[in-house]
Structures are given as C-alpha cells and as structure tokens.
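Report on the structure
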Amino acid sequence: QPIMLKKTLLVAFTILFCVATQAQDKQKSVKPFRIGFKVGVPNIVGGNAELVLFKRIAVYADYSAYSGTFDQVEAGFNHFEIGGNIYFNPTGKGFYASLGYSNFSLDGTYTDAQTIGGIDFTGTATGNVTLNTINAKLGLKLGRTFYMRTEVGYGFGTIPDKVIITGDVNGVTQTGEEAIPNIPGISSSGLLIFNIGFGFGFL
C-alpha cells in the first residue's frame, strides 16, 4: 500500500504539474491578431490592426479620416500607414521599434481667399496636397487580451509649404498658391508622431 500511495501521489503530482505548465504557457502565449484605435498626431483618431508573425515581428496598418477647420480653412484628410514592429521580447508586448510608410492626403476649401501672389478668389476655392513620409517610432504595448499602447516618433519627408488652389476669379477659373494650413505636428521637414491606442487581442 505505501508503494501504491506513492504511485498515486506521483501521478497526481504529474497531472498537477502538466496542468500548471499548460496554464503558464497559455498565460504567456501571444495573441497574434490585434485590432483597436489610436488617438494622437497625425492620425487624430482612427483604426489600427496588427498581426504578429513570429512573436517578435509584427505587421500593422493604420487608417483615419477627419475633417475640421485649420487657419480658417475647411480641411478634410485621410491618413494611411503600413509598416512593421519588432518587439524587444518574444511575448509580443512591451517595448518595440517601428518603421513604416505613411500617406497623408489633405483637401482644403478656401472661402474668399487671397493667394500668396495677391489674387483674390471669390466664393470658394479648393486645393489638395499629399504628404508621404517614412516613420520611425518607439512604442510600448501593455496587456494581452485587452491592451493599451503608446508611440512616439518622427516622419521623415519633404513637406510642401504651399498648396495649389483652383477657384473663381472675376468669373474665370484660375489657379494660385496658398500657404498649407497650420496643422499641429507638421513642419517643412516632416511630422511629429505621438499617439495612444487601445484594443483587443484575438486567437
């Protein structure tokens, strides 16, 4: 009977050890598909999706659309970014470095505008400018099923300081140059990046 008791205890211990190990592995497992949103600059507010491929390496995409008034110009923009994240540890969370490519498209509506060259437009005039940047960021992601993240970085690219507008001048459609609206975080050399995000991990 002592031998039988020892065997029973050994089996019970083995089962408990296996259960504990599986629970620990599950606790440490990576939730590879993440979906959420980000609030900040330059995306204002928009959606974010991330897919972890090899625990440390992930691909992501951001998209946002927004309209507002900047420097008395009614502006609407679309922001799209795609890139990759490399996590410093193999759990798919914590600190990570990020490199991506972004496209920032801005549509402006100018009312009774006077261009840089002194041309007076009557009514409304419209213009469009597109910014393409390479974005380098440092981020921090906390949590697995429900997570939050924050990112800071800089987008490198040539940012135009003028926008070509088209509108009515004394009954004739003409074009002229206007200063690009003063949007926070955007300068002639690139754009500042700072955002806070929340979301859920799946699978």
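Heads up: these notes are all about the structure in this document. Keep in mind the model is a prediction, meaning the values are calculated, not measured.

**Some details on the overall build of the protein**
- Summing up its helical and strand segments, the protein has one helix and 11 strands in all.
- Walking the protein from its N terminus toward its C terminus, one meets helices and strands in the order α-β-β-β-β-β-β-β-β-β-β-β.
- The burial tally for the protein puts 35% of its 203 residues in the buried class.
- Within the protein, residue pairs in contact and separated by at least 24 positions form 62% of the contacts whose partners lie at least 6 positions apart.
- Accessible area of the protein: about 11600 Å², with a carbon and sulfur share of 67%.

**A few points about the pairing of strand 8 (residues 162–169)**
- The pairing of strand 6 (residues 122–142) with strand 8 spans four bridges and is classified as antiparallel. Paired with Thr126 across the strands is Thr166, a residue of strand 8.
- Note that strand 8 and strand 9 (residues 172–179) share eight bridges and pair antiparallel. Across the sheet, residue Ile165 finds its bridge partner in strand 9, namely Gly176.
- Hairpin connection of strand 8 to strand 9: two residues between the antiparallel strands, including Asn170 at a positive phi of 55°.

Here is what the cut-offs are and how they apply
Residues numbered from 1 in each chain as written. Predicted model: local features only at pLDDT ≥ 70, side-chain atom pairs only at ≥ 80, totals over all residues. Heavy atoms only, no water. Helix = DSSP H or I, 4+ residues; strand = E, 2+ residues; numbered from the N terminus. Buried < 20%, exposed > 50% of the residue type's maximum accessible area, 1.4 Å probe, protein only. Contact = heavy atoms within 4.5 Å. Areas by Shrake-Rupley, 256 points an atom, 1.4 Å probe, with all protein chains shown as cover. Pairing = 2+ DSSP bridges.

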